[in-house]
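Survey of secondary and tertiary structure
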Amino acid sequence: MSAPHLVQDQLDQLRRRVDGAVTAPGDPEYDEARTVWNAMIDRRPSAVVRAADVDDVVSTIAAARDHGLDLAIRAGGHNVAGNGTVDDGIVLDLGDLNGVTVDPDNATVRVEGGATLADVDAATQPYGLAVPLGVVSATGVGGLTLGGGVGWLTRPYGLTADNLLSAEVVTADGERLTAGPDEHADLFWGLRGGGGNFGVVTAFTFRAHRHGPEVFSGNLVYGQDRWPEAWAALERWTRDLPDEMTMITTTLTPPPAMEMGSDPLLVVGFAWASPDRAAGEAVVGRLREAAPPDVEQVGDNRWVEWQSVLDGLVPKGVRAYWRNASFDRLDDEVIDVLTRRGREQTWVGTAFDVHHLGGAFGRVPEDTTAFPNRSARFWINVYGFWDDAAADDDRVAFVRGLSGDMDEFATGGQYLNFQGREAAGHRAVDPRTVFGPATYERLVEVKRRYDPRNLFHVNHNIPPG
Ligand SMILES: Cc1cc2nc3c(=O)[nH]c(=O)nc-3n(C[C@H](O)[C@H](O)[C@H](O)COP(=O)(O)OP(=O)(O)OC[C@H]3O[C@@H](n4cnc5c(N)ncnc54)[C@H](O)[C@@H]3O)c2cc1C
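Not measured: the values here are computed from a predicted model.

**Looking at the overall build of the protein chain**
- The helix and strand tally for the protein chain stands at 15 helices and 18 strands.
- Here the C-alpha atoms of the protein chain give a radius of gyration of 22 Å, agreeing with the 23 Å that 2.2 N^0.38 yields for 465 residues.
- Oriented by its inertia axes, the alpha-carbon framework of the protein chain measures out at about 70 × 55 × 40 Å.
- Within the protein chain, the fraction of its 465 residues that count as buried is 52%.

**A look at the packing of helix α8 (residues 227–237) against helix α9 (residues 277–290)**
- Contact geometry of α8 with α9 gives a least axis separation of 9 Å together with a crossing angle of 145°. Crossing of α8 against α9: the hand is right-handed. Across the interface between the two elements, A233, R236 and W237 from α8 touch R286, L287 and A290 from α9.

**Description of the domain arrangement of the protein chain**
- Here the protein chain is partitioned into domain 1 (8–93), domain 2 (100–211 + 440–450) and domain 3 (214–418).
- A straight line from the C-alpha centre of domain 1 to that of domain 3 covers 35 Å.
- For the side of domain 1 that touches domain 3, the residue count by class is four nonpolar, one polar and no charged.

**As for helix α13 (residues 392–405)**
- Relative to the 20 Å expected for 14 residues at 1.5 Å per residue, α13 spans 20 Å between its end C-alpha atoms, a close match to the ideal helical length.
- Inspection of α13 places R395, V396, F398, V399, L402 and S403 among the buried residues, and these make up the whole buried set. In an axial view of α13, the angular spread of the buried residues amounts to 155°, which keeps them on one side of the axis. Opposite the buried face of α13, at more than 90 degrees from it, the exposed residues are D393 and G404.

**What to know about the packing of α8 against helix α11 (residues 332–344)**
- Packing of α8 against α11 leaves a shortest axis separation of 10 Å and a crossing angle of 140°. With respect to each other, α8 and α11 are oriented oblique. Crossing hand, α8 versus α11: right-handed. In contact with W227, P228, W231 and A232 of α8, α11 contributes I335, L338, T339 and G342.
- Taken together, the residues that form the contact of α8 with α11 break down as six nonpolar, two polar and no charged.

Criteria and thresholds
- Just so you know, the residues in each chain are numbered from 1, in the order the chain's sequence is written.
- Given that this is a predicted model, residues contribute local features only at a pLDDT of at least 70 and side-chain atom pairs are listed and counted only at 80 or more, while totals for whole chains, interfaces and linings are drawn from all residues.
- The secondary structure listing takes helices from DSSP runs of H or I that are at least 4 residues long and strands from runs of E that are at least 2 residues long, numbered from the N terminus.
- Note on method: radius of gyration uses C-alpha positions; expected globular size equals 2.2 Å times residues raised to 0.38.
- The exposure label follows from counting other C-beta atoms within 10 Å of a residue's C-beta, where the C-beta atoms are placed from the backbone and the thresholds are 20 or more for buried and 12 or fewer for exposed, leaving partly exposed in between.
- A fitted line through C-alpha atoms serves as each axis, taken over the contacting stretch for helices, and the angle formed by two N-to-C directions is quoted from 0 to 180°.
- Should the near helix be turned anticlockwise from the far one by less than a right angle, the crossing is termed left-handed; should it be turned clockwise, right-handed.
- Throughout, a pair of residues is in contact if the C-beta atoms placed from their backbones lie within 7 Å.
- Boundaries of every domain are those given by an automatic assignment or by a domain database.
- The nonpolar class holds Ala, Val, Leu, Ile, Met, Phe, Trp, Tyr, Cys and Pro. Asp, Glu, Lys and Arg form the charged class, and all remaining residues, Gly among them, are polar.
- Helix span, expected: 1.5 Å multiplied by one less than the number of residues in the helix.
- Working definition: the arc comes from the directions between the helix axis and the C-beta atoms, pointing outward to the latter.
- Here roughly perpendicular refers to angles of 65 to 115 degrees, roughly parallel to angles under 35, roughly antiparallel to angles over 145, and oblique to all remaining angles.

Right, here's the structure in full:
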C-alpha cells in the first residue's frame, strides 16, 4: 500500500485554492522546489506550495489536514535534520513571505515568516539597528527563532527568541491569532524554543538594538602547536568577559580560498557590541597578551558583511551532519580532546565550533521561555560539510566520535537547531530529555491546546500525548 499522498483531483483543487505556485512530481521546477540545504535529505513530497499570502497558508494547512497528509513547514530550508521537507506529504514553503518592516522610532521589526537573516539585516542596518540572529545569512528566521537563535549578539542581547515581542500564527484548525505576553501567552512561551510544533508563524515582531553599521570584530588565529596555550587562555579570558563581547571559536582545516595553508587552525572569532571601541580593544588585548595569535584579522567590519562572511563555506546542496552539546569545563582533559580531535581531522568542511555563552542569554530565567539549559558556559557544535556521498560514513563517524568524546563532560543541554538527522539504528535526539520534565510537560500542554491532533509533527516533535 502506498503512503498517503495527494491524488490528482486533490492536487487540482489545491492549485485552485491557492494563489502561490504549486509544484508537483513531473513539473520541470519540481526538483528545485523540493530541494533543501542539506543534500543528505532527499525527499519527494506530493506538492510544494509556495505561499503567496496568509490565505495560502490557511488553505495549505486545510489541505494537509483534510486529506490526512504529512505537512512540512519551510522558511529558509536550512534545518540540519531536514524538517523543511517530507516524503509524500505537502511542503508549505514560506519563502515568498519575506517582507521586513522596520519601526525605527520604537526599534521594532516585523519580519514575515519566510524571511532569511539577510533580509532582516538588509532592512534594519540602514537605521543603525540589528536583531540578534545567526551567523549564516541564508538561514531562515522561522526555524532559527522558533528553535532559539544564537549568533554574534547572543551575550549582549540573548537569543533571537528572547527578542521576540509577538508572533502572528495560523493554527492547525486555520485560526489566525497573535501570541504575545498579553494574549495567548502560553503559545508565546512555547514558540520561544519549542520549534514549529504549534502552528505556522506568518510574521514575527522583534525588538532591535542600536548596532553597526561598522562593528569591531575579527579573528585571532592559532596554529596547532599553540592550541593548548590558546585554550587555556580562553578558559581564563571567558571567566570575566563583559556582555558586549561574544566569542565563537572554530577549529577547521582552512579551505584554499582562505589562503592560510592546509594545516588545521583554531580561529577565535569575536564581535564587540558597543560603540566604545577602545573598551573592546582592551578586552581583545587581554587575550592577545595571554596567547599571542600567529595571525590576526581584526578591525571594523560592516555588520552586513560580517554576518555573511561564512556564507561561501556552507552553500545550499552540501551534505551535512551535526551534533551539539553543552559543557562547563575547559580544563586539561577537555583541552586534550579538543586538541587531539582538531589535529586528527584534515578534511576541509568538517570542523567544530565552541560558543561562549552566559551574558544576557544566561540571565533569562529558565521558565520565561521554552528554551532549556541556560546555565551552560559553552556549547560545542561539531559538524561536517562535504560533497561526495562516498564520504558520508567517514564524516559522520568523525562528528559522532568527537561528540562521543565530549559526552563525559557534557552538562546535558543540547541545542535542537544544531542536531542532524540520525540514521536508522542510531538514537535520535529526544526532545523529552533536551527540555527536561517540567518544560516538556508544559510544552505538551501547549501542544494539546493548539495542535491536539499533531498536524505539525515534521519537526523535533512534541506529541500531544
Ligand atoms: C549553514 C547553517 C548555519 C546555521 N547557523 C546558525 C546560527 O548561527 N545560529 C543558530 O541558532 N542556528 C544556526 N543554524 C541552525 C538553524 O537555526 C536551524 O537549522 C533552523 O531550523 C533553520 O531554520 P530555517 O527556517 O532555515 O529551516 P527550515 O528547514 O525552513 O525550517 C525548519 C523547521 O522550522 C520550523 N519552521 C520554520 N519556519 C517556520 C514558521 N514560519 N512557522 C512555523 N514553523 C516554522 C518548521 O518546523 C520547520 O520544519 C544554521 C544552520 C545551517 C544549515
